[in-house]
Amino acid sequence: MFAEIDLHDNAVYVVAGGRIIQVDPPPSGYGKQEISWHNGEPTHSEIKYTQKF
């Protein structure tokens, strides 16, 4: 199975269960993305963001 992604886009991808999933960026543009794993497979992501004033 093959998938194509645009290498001109800044993005984070996870491959799980034969699918490629783009992880949503922090809504403010500043923050962190943490990927949790269980039994060697990614299970979920947690997005933390910082709001600048």
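Reading guide: rules and limits
- Residues numbered from 1 in each chain as written.
- Predicted model: local features only at pLDDT ≥ 70, side-chain atom pairs only at ≥ 80, totals over all residues.
- Heavy atoms only, no water.
- Helix = DSSP H or I, 4+ residues; strand = E, 2+ residues; numbered from the N terminus.
- Rg over C-alpha atoms; globule rule 2.2 N^0.38 Å.
- Buried < 20%, exposed > 50% of the residue type's maximum accessible area, 1.4 Å probe, protein only.
- Contact = heavy atoms within 4.5 Å.
- Areas by Shrake-Rupley, 256 points an atom, 1.4 Å probe, with all protein chains shown as cover.
- Lys, Arg positive; Asp, Glu negative; His and termini not counted.
- Charge placed at Lys NZ, Arg CZ, Asp CG, Glu CD.
- pLDDT = per-residue confidence, 0-100.
- Pairing = 2+ DSSP bridges.
- Patch = residues over 30% accessible without salt bridge, like charges linked within 9 Å, V, L, I, M, F, W, Y side chains within 5 Å.
- Salt bridge = Lys/Arg side-chain N within 4 Å of Asp/Glu carboxyl O.

**As for the overall build of the chain**
- Helix and strand counts for the chain come out as zero helices and four strands.
- Counted from the first residue to the last, the chain has its helices and strands arranged as β-β-β-β.
- By the compact-globule yardstick of 10 Å for 53 residues, the chain is too spread out, its C-alpha radius of gyration being 13 Å.
- Of all 53 residues assigned to the chain, the portion counted as buried reaches 8%.
- Partitioning the contacts of the chain with sequence separation of at least 6, the portion at a separation of at least 24 is 5%.
- As presented, the chain carries roughly 5,000 Å² of accessible surface, and 51% of it is formed by carbon and sulfur atoms.
- Positive and negative charge centroids in the chain, built from 4 and 7 side chains respectively, lie 12 Å apart.

**A few points about the confidence of the model for the chain**
- Per-residue confidence for the chain gives a mean pLDDT of 89, with 100% of residues at or over 70.
- Of all secondary-structure elements in the chain, the lowest mean pLDDT belongs to strand 4 (residues 41-49), at 89, while strand 3 (residues 31-38) reaches the highest, 91.

**Side note on the pairing of strand 3**
- Where strand 3 lies against strand 4, eight bridges are found, and the strand directions are antiparallel. Counted as the bridge partner of Glu 34 is Glu 46 from strand 4.
- Adjacent in sequence and paired antiparallel, strand 3 and strand 4 are bridged by two residues, among which Asn 39 carries a positive phi angle near 55 degrees.

**Brief notes about a nonpolar patch on the surface**
- Where nonpolar side chains cluster on the molecular surface, the patch consists of Ile 5, Leu 7, Val 15 and Ile 20 and spans about 410 Å² of accessible area.
- Within the secondary structure, Ile 20 is located in strand 2 (residues 19-23).
- For Ile 20, a relative accessible area of 38% translates into the label partly exposed.

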